[in-house]
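# A look at the structure
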Amino acid sequence: MRVLNKQEAISRRGFLTGAGGMALITASGAVLSPSQGWAVEVKALKPETMATLIQMARDIYPHDRLADKFYAKAVKTHDETAAKDSAHKQLIEDGVAYIDSRTEVRHKVAGYRALGWEADRAAMLRLIEDQAFFQALRGGLVVGLYNQKEIWPMFGYEGASADQGGYIERGFDDLDWV
Amino acid sequence: MAAPYELSDDSVVVVIGSGAGGGTLGNELAQKGIDTVILEAGGRHEFTDFINDEWGSFGQLAWLDNRTTSGDWRVSRDFPNLPAWIVKAVGGSTTHWAGASLRFQEHELRVLSEYGAVEGANLLDWPITLADLEPYYDKAEKKMRVTRTHDLPGLPGNNNYKIMEAGAKKLGYKEVHTGRMAINSVDDDRPMCQQSGFCFQGCKFSAKWSTLYTEIPEGEETGKLEVRANAHVLKIEHDDSGKVSGVVYADKDGNQHRQAARAVCVAGNSIESPRMLLNSASSQFPDGLANSSGQVGKNYMRHMTGSVYAVFDKPVNFYRGTTMAGIISDEARNNPKRGFVGGYEMETLALGLPFMAAFLNPGAWGREFTAALDMYDHMAGMWIVGEDMPQESNAISLHDELKDAHGMPIPNVHFTDHPNDVAMRNHAYGQGSAVYDAVGATATYPTPPYPSTHNLGTNRMSAKPEDGVVNKFGQTHDIANLFISDGSQFTTGAAENPTLTIVTLAIRQADYIAEQMSQGAI
C-alpha cells in the first residue's frame, strides 16, 4: 500500500518538543515559543488571554502530533475579530477570566494554564461548554484547525487529487490486508 | 446555441431549477422542440472550475441562504441554519451527488397497501406502479450511463469498498457490489472515473453524470433552451382564470424581473419548491398555489440516514477513489420482523479530514473525539440510507418574521424522527458495525445524520386531489399548467437514493407536457 510519509512531520516535532512547550509572553504583547519557533502578535486581546486560548484549543482538540503553532493559528482569528468587535473582545476576555477564577477557587493554582493535567483542564471546560464563550472557541476551531492544509499529511489525508490525475494510478485500491 | 427569450414571451415553458429534475426536464422539452427557459437561482460553474477542497467547494456550490430549523432532529441543534446540504448552482445537486442510481422496488410505490397503516405516519400509495416507470427507468439509466445496467461494466472497488465487501460476505450478505452508479466506467464523450475522491465537490473530470455538462448543453444545442443563471425565483403569478402566467425572479444584483410563461415547472428541491408555492399566495389562492389539499410543504422526508465509521489497525486511506464505491442491498427489503417497516441500503462513504472533523460527532470535543480523528487514515466508512415515514407535522413552512434579501419569508424546516425511523437507524448501526467487526475493526462510530441531502415529499403525488398536491404526472391537481418536477413530488421515499427516480419522472413528465400542449390542454 502507498501510505503517506508522516515521519517528516514527526521528526520536525522531535526538536519542537512535546506537550506544554511553554509559550512565553513578551512585554511587547506577543505570545511566542522560542523552542518551537513561532510567535503570535496580539492586537486586541491580552497576551495572557491569547496564551490561554492556545492551551484551551489544544485541550478541546488534543492531537499530540500537532505543534502549538497550529493551535495558535487557529485561535488568532479571535484577536482579529476582537480588534473590530468590542462585544467579541469582551466575550473572550470575560470567558478566560471566568475560567481562571473558577480554576483558582477549585484547584488553588494561578489560573487555567497553571493546571498541570489535561483531564483537569478539560473538566474545567466541561463546566462552561454550553456557554457562548466556549461555543465560539470550539466552533471556530472546527474549521480554524482542521482546515489548515499543513496538518492534513499528519493525519494521512492528501487533500486535492485532481491535479495529480486522481488516485486511479495512485493507490485507490491498493489495500492488501483484508 | 442557447436561445435568449424575451421576458414577455408567454409561449415558453418556464422550469425553475436546473438539477436532476429541472435540468433533465428542460433538455427533454427542448429536444421535442418546445421553447424552454430554465431559471436557476445559482451561478454557472463549469466542471473545470470545481474545487478539490471541502470547505472551498462548499462555499462555491452549497445553498447557504438563511433557513431555520425546528423539531427533535439533531441537525436542528448542531446546524440550526443548515437543514440541507444541497446546491445553488447550474446543475443543482447533481453537481454534488454521489451518483448512486437504484430503481425503486415494486412494493415501495404502494407502501400503504404493503405495510398497512402505521401510527403517526401519513402513508399513501403512489398513483403509479413500477411497470409505469420501467420504460422511463431504462431511458434514465441510458442517459446517465448507470453502471451495471444496459451492459455497462461496474466500477472497480476502492480500499473502502474492499473492507465493506469482505465484512459483508463474512456476515453472509449476498447483494454486495460496487453499485449502480451514474459515473462513467468506460470512456465515451466523458472520461471514465479517475478515482479522484471528490464526488461531493463536483467531479473535475466530468465522469459523474450532472445536468451541468450533459442535459443542459444538449438542450442548449437545440436552440430551444435558455438557461438563465443567477435568477432566483420569488413567486409564481397567475391570471384571473387561475392559470399560472409568469414568474417573478431576482437577478444577481437584486433587480426583479417577470418572465411570462405558458406553463411553469417547479424543481427547486423540496425546501424551495413548496416555499415558492406558499410565497405565491394570492387573494384567489390564500393558502398558496396548488394547496387546496393543505399538503404543500407537508410530509417532508429526508430518508432515514446515518453513518458508521470504523477504525482498523492497518491503513485504509478511504478518501481515495469514488466516494460511494459500493453497496450492500440485503437489508433493503421489507421485513417487519426486524422491528420496523421498510428497508435500508448500506453504501460506502468517505469524508476528507475537514468534513470528518465537522460531521463525525458534531459538537463533540476532547480526547475521545480526537482519538477517532487521529486514526483518520485507518478508517472505513459507510452511509446508511433507508425509507423514512412521511409525517404531516414534518414540514416546510414560511418563517413568521425572517425575510430574505428580496423581502420574501425564509423557510423553516421542521423534522422529528418517527419511531420507525429510529428503530431502522438503530438496526442499521448494528449491522453496519457488524460488517466492520467481522473484518477486525478496533472501534466503530455510529455517526448521526448530516444535514439532509435527500429532501423529499413536500408536494406529494396522489390519486385524489385531497391527499396530495400533484397527479401521477407531477401536474398540480389545482392548476393545469403548473407542474412539480423534483423530489418534492415523491409520495413516499423508498430506500433508494432518489436522483434516478427524479430523472425518470422528469423524462415521463416531458412526454406528458408535450402531449398536453399538442392537445391544447395547457
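Reading the values: rules and limits
Residues numbered from 1 in each chain as written. Chains lettered and ligands numbered in written order. Predicted model: local features only at pLDDT ≥ 70, side-chain atom pairs only at ≥ 80, totals over all residues. Heavy atoms only, no water. Helix = DSSP H or I, 4+ residues; strand = E, 2+ residues; numbered from the N terminus. Buried < 20%, exposed > 50% of the residue type's maximum accessible area, 1.4 Å probe, protein only. Contact = heavy atoms within 4.5 Å. Areas by Shrake-Rupley, 256 points an atom, 1.4 Å probe, with all protein chains shown as cover. Lys, Arg positive; Asp, Glu negative; His and termini not counted. Charge placed at Lys NZ, Arg CZ, Asp CG, Glu CD. Core = buried A, V, L, I, M, F, W, Y, C linked by side-chain atoms within 4.5 Å. Axes fitted to C-alpha atoms, helices over the stretch in contact; angles between N-to-C directions. Parallel < 35°, antiparallel > 145°, perpendicular 65-115°, else oblique. Nonpolar A, V, L, I, M, F, W, Y, C, P; charged D, E, K, R; others polar. Buried area = accessible area lost by both parts, 1.4 Å probe. Salt bridge = Lys/Arg side-chain N within 4 Å of Asp/Glu carboxyl O. Polar contact = N/O pair within 3.5 Å; in protein donor to acceptor, adjacent residues only side chain to side chain. Pairing = 2+ DSSP bridges. Expected span 1.5 Å × (residues − 1). Bend = angle between axes of the 7 residues up to and from the residue. pLDDT = per-residue confidence, 0-100. Phe/Tyr/Trp six-rings, centres within 6.5 Å; stacked < 30°, edge-to-face > 60°. Lys NZ or Arg CZ within 6 Å of the ring centre and 35° of its normal.

### Observations concerning the overall build of chain A
In terms of regular secondary structure, chain A is built from six helices and three strands. Along its sequence from the N terminus, chain A presents helices and strands in the succession α-β-β-β-α-α-α-α-α. Counting across all 178 residues of chain A, residues that qualify as buried make up 48%. When contacts within chain A are restricted to residue pairs at least 6 apart in sequence, those whose partners lie at least 24 apart make up 57%. Here chain A has roughly 8,400 Å² of accessible surface; of this, 54% comes from carbon and sulfur atoms. Treating the 22 positive side-chain charges of chain A as one cloud and the 24 negative ones as another, the clouds have centres 3 Å apart.

### Quick notes on the nonpolar core
Core analysis: the largest hydrophobic core is formed by 155 residues, its most contacted members being Leu145 and Tyr146 of chain A together with Phe312 and Tyr436 of chain B. Discounting residues that sit within four places of it in the chain, Tyr436 of chain B has contacts with Ile163, Met164, Val308, Ala310, Phe312, Ala380, Gly381, Met382, Ala441 and Thr444 of chain B.

### Observations regarding the packing of helix H3 (residues 68-84) of chain A against helix H4 (residues 86-107) of chain A
Residues and elements named next belong to chain A. Relative to each other, H3 and H4 sit at 135°, their axes nearing to 5 Å. With respect to each other, H3 and H4 are oriented oblique. Seen from H3, the contacting residues are His78, Thr81, Ala82 and Lys84; seen from H4, they are Ser86, His88, Lys89 and Ile92. Tallied by class, residues from the contact of H3 with H4 come to two nonpolar, four polar and two charged.

### Some points on the interface of chain A and chain B
In many reports, interface size means the accessible area that the parts give up when they come together. Each side of the interface is counted separately: chain A has 45 residues, and chain B has 44 residues. The junction of chain A with chain B conceals about 3,800 Å² of combined surface from both sides, 61% of it contributed by carbon and sulfur atoms. On the chain A side of the contact with chain B, Tyr157, Phe172 and Trp177 of chain A bury the most area, a combined 20% of that side's loss. Two residues, Asp53 of chain B and Lys149 of chain A, come together in a salt bridge whose shortest N-O distance is 3.0 Å. Joining chain A to chain B, the criterion identifies 29 residue pairs in polar contact (both at pLDDT 80 or more). Those elements giving two or more residues to the side of chain A that touches chain B turn out to be helix H2 (47-60), helix H5 (118-126) and helix H6 (132-144) of chain A.

### Re the pattern of salt bridges
According to the stated counting rule, one finds 36 salt bridges over all chains in the structure shown. Here Arg258 of chain B and Glu237 of chain B are joined by a salt bridge, their closest N and O atoms 2.5 Å apart. Note that Arg258 of chain B is positioned in strand S8 (residues 256-260) and Glu237 of chain B in strand S6 (residues 232-238), a separation of 21 residues in sequence. Residue Glu272 of chain B pairs with Arg275 of chain B through a salt bridge whose shortest N-O separation is 2.9 Å. Linking Glu272 of chain B with Arg275 of chain B, this pair stays in helix H8 (residues 269-279), spanning three residues, or about one helical turn. Overall, Glu272 of chain B belongs to the buried group, its relative accessible area being 4%. The structure contains a network of salt bridges with shared partners spanning Arg2, Glu158, Arg170 and Asp174 of chain A together with Arg320 of chain B.

### Thoughts on the sheet that holds strand S3 (residues 38-41) of chain A
Residues and elements named next belong to chain A. If you trace the three strands from one edge of the open sheet to the other, you get S1-S2-S3, paired in antiparallel fashion. Edge positions in the sheet fall to strand S1 (24-25) and S3, since each of these pairs with one other strand and no more. Here two bridges tie S1 to strand S2 (residues 30-33), and the two strands are oriented antiparallel to one another. Directly across from Ile25, in S2, lies its bridge partner Val31. In the packing of H2 onto the sheet, contacts are made with S1, S2 and S3, and the angle to S2 comes to roughly 45°.

### Brief notes about the sheet that holds strand S2 (residues 36-39) of chain B
Residues and elements named next belong to chain B. The sheet built from five strands is open, its strands ordered S5-S2-S1-S9-S17 with parallel pairing. Lying at the two open borders of the sheet, with one neighbouring strand each, are strand S5 (225-228) and strand S17 (482-484). Strand-to-strand twist in this sheet, taken as the mean axis angle between neighbours without regard to direction, amounts to 20°. Across the sheet, H8 is in contact with strand S1 (13-16), strand S9 (263-266) and S17; its angle to S9 comes to roughly 135°. Across the sheet, helix H12 (residues 499-518) touches S1, S9 and S17, and the angle it forms with S17 is around 170°.

### Brief notes about H3 of chain A
Residue and element names in this part refer to chain A. Relative to the 24 Å expected for 17 residues at 1.5 Å per residue, H3 spans 25 Å between its end C-alpha atoms, a close match to the ideal helical length. Remark: the principal bend of H3, roughly 30°, maps to Ala74. Three or more residues of H3 are buried, namely Asp68, Phe70, Tyr71, Ala72, Ala74, Val75, His78, Asp79 and Ala82. Each element contacted by the buried residues of H3 is listed here: S3, H2, H4 and H6.

### Looking at the confidence of the model for chain A
Mean pLDDT over chain A: 90, with 91% of residues reaching 70 or higher. In this model residues 10-19 of chain A is a low-confidence stretch, pLDDT under 50, and it forms 15 contacts with partners more than four residues away in sequence or in other chains.

### Brief notes about the pairing of strand S12 (residues 344-348) of chain B
Residues and elements named next belong to chain B. The buried fraction of S12 amounts to five of the five residues, a majority that puts the element mostly inside the structure. Residues Tyr344, Met346 and Thr348 point to one face of S12 and Glu345 and Glu347 to the other, with burial holding for every one of them. As defined by bridge partners, strand S11 (residues 327-328) adjoins S12 across two bridges and the pair is classed as antiparallel. From the neighbouring strand, Ile328 faces S12, where its bridge partner is Met346. As defined by bridge partners, S12 adjoins strand S13 (residues 379-386) across five bridges and the pair is classed as antiparallel. Across the sheet, residue Met346 finds its bridge partner in S13, namely Ile384.

### Some details on the environment of Glu134 of chain B
Residue and element names in this part refer to chain B. Here Glu134 lies in helix H5 (residues 130-144). For Glu134, a relative accessible area of 34% puts it in the partly exposed group. Taking the C-alpha atoms as reference points, Glu134 and Phe104, 30 residues apart in sequence, are found 9.8 Å from one another.

### A look at the pairing of S6 of chain B
Moving residue by residue along a regular strand, the side chains alternate between the two faces of the sheet. Residue and element names in this part refer to chain B. Burial of S6 is extensive: five of the seven residues sit out of reach of the surface. The pairing of S6 with strand S7 (residues 244-250) spans six bridges and is antiparallel. The residue of S7 that forms the bridge with His232 is Ala250. The antiparallel pairing of S6 with S7 creates a hairpin that spans five residues between the two strands, and Gly242 there sits at a positive phi of about 90°.

### Brief notes about the packing of aromatic side chains
Residues and elements named next belong to chain B. Throughout the structure, instances matching the rule amount to 33 aromatic pairs over all chains. A ring pair is formed by Phe58 and Phe355, whose centres lie 6.1 Å apart and whose planes are at 85°; its orientation type is edge-to-face. With Phe58 in helix H2 (residues 54-61) and Phe355 in helix H9 (residues 353-359), this residue pair connects regions lying 297 residues apart in the sequence. By relative accessible area, which is 13% here, Phe58 ends up buried. Ring pairs connect the aromatic residues Trp55, Phe58, Phe79, Trp85, Phe200, Phe355, Phe359 and Tyr450, which therefore count as one cluster. Over the aromatic face of Trp63 sits the side chain of Lys88, whose NZ or CZ is 4.9 Å from the ring centroid. When the ring centre of Phe415 is taken as reference, the NZ or CZ atom of Arg302 above it lies at 5.7 Å.

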